[in-house]
Amino acid sequence: MPVKEVLAKYTKEQIKKAAQIKAIFFDVDGVLTDGKIIYDDTGSESKEFNVKDGYIISHLKKAGILVGIITGRESKVVSNRAAELKLDFCHQGIMDKFSVFEKLIQFHKLKKKEVAYIGDDINDLQILDVCGLAACPADARDYIKSRVDVVTESKGGQGVARDISDLVLAAKGVLEKIIR
């Protein structure tokens, strides 16, 4: 079964943490994208997003998992992607991500252990240190990797969200139903 293959990559502790998740919060640059920001001659910005990351979002939402973005940069491209995916929230231009994280868990009546957070840099560490399932991409700095529960197989922008989403859905016993 593909679900067994997904879970075989993780420890019992990682699976236990993933099974408790009710919300997944993502950083954008370096997580949902490869971290590159491209400007053309007119100043228009572009980013690349992975379609596999986007596809799984609808399944997370159907499974009752809250999904959203907390990112330090402000970008129309990110707003468009968040709207396209029908994310529950998209907080941009956030210098103090931790305070937004705390407000979100309070507003949505969540416990910290019920939130997975995927980040890749220093401004994500406060959240990574307290959330229920902390994750980062394979190409994050070692000092970030040393502080998370899961380092994904994928690099930023290459399926990081899908890796964690598959883990959470499999740990909750939902992924097999989705595959069928």
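Data block above holds the structure.
First, a word on scope: everything that follows refers to the structure included in this document. Note that residues are indexed from 1 along each chain, following the sequence as it is written. Per-residue local features of the predicted model are confined to residues with pLDDT of at least 70, and side-chain atom pairs are confined, for both listing and counting, to 80 or more; whole-chain, interface and lining totals are unaffected and use all residues. Values reported for side chains reflect all heavy atoms of the structure, with hydrogen atoms and water molecules removed beforehand.

### A closer look at helix H8 (residues 160-171)
- Each helix is a run of H or I in the DSSP string that is no shorter than four residues. Each strand is a run of E no shorter than two, and both are numbered from the N terminus. To estimate the expected span of a helix, count its residues, drop one, and scale the result by 1.5 Å. For H8, built from 12 residues, the straight-helix expectation of 16 Å at 1.5 Å per residue is met to within 8% by its first-to-last C-alpha distance of 17 Å.
- Working definition: with a 1.4 Å probe on protein chains only, accessible area under 20% of the residue-type maximum means buried, over 50% means exposed, and in between means partly exposed. For H8, the tally of buried residues reaches 11 of 12 residues, placing the bulk of the element in the interior.
- Within two residues after H8, Gly173 carries a phi angle of roughly 80 degrees, on the positive side.

### A few points about the sheet that holds strand E6 (residues 115-118)
- One bridge is not enough; two strands pair if DSSP finds at least two bridges between them. An order of E5-E4-E1-E6-E7-E8 is seen for the six strands of this open sheet, with the pairing classed as parallel. With one partner strand each, in any of the chains shown, strand E5 (89-91) and strand E8 (150-151) form the two edges of the open sheet.
- Note that strand E1 (residues 23-26) and E6 share four bridges and pair parallel. Residue pairing in the sheet places Phe25 in a bridge with Tyr117 of E6.
- The sheet contacts of helix H5 (residues 97-107) involve E1, strand E4 (66-70), E5 and E6, and relative to E4 the element is tilted by about 160 degrees.
- By definition, residues are in contact when any of their heavy atoms lie within 4.5 Å. To obtain each axis, a line is fitted to C-alpha atoms, and for helices this fit is confined to the stretch in contact; angles are then taken between N-to-C directions over 0 to 180 degrees. In the packing of H8 onto the sheet, the strands contacted are E1, E6, strand E7 (133-136) and E8, and the crossing angle to E7 comes to about 150 degrees.

### Let's talk about the packing of helix H2 (residues 12-19) against H8
- With their axes 8 Å apart at the nearest point, H2 and H8 run at an angle of 80 degrees to one another. By the angle class used here, H2 and H8 are roughly perpendicular. Across the interface between the two elements, Ile15, Ala18 and Ala19 of H2 pack against Leu167, Val168 and Ala171 of H8.
- Nonpolar residues are Ala, Val, Leu, Ile, Met, Phe, Trp, Tyr, Cys and Pro. Charged residues are Asp, Glu, Lys and Arg, and all others, Gly as well, are polar. When its residues are assigned to classes, the contact of H2 with H8 shows six nonpolar, no polar and no charged. By the definition adopted for this analysis, an angle is roughly parallel if under 35 degrees, roughly antiparallel if over 145, roughly perpendicular if from 65 to 115, and oblique otherwise.

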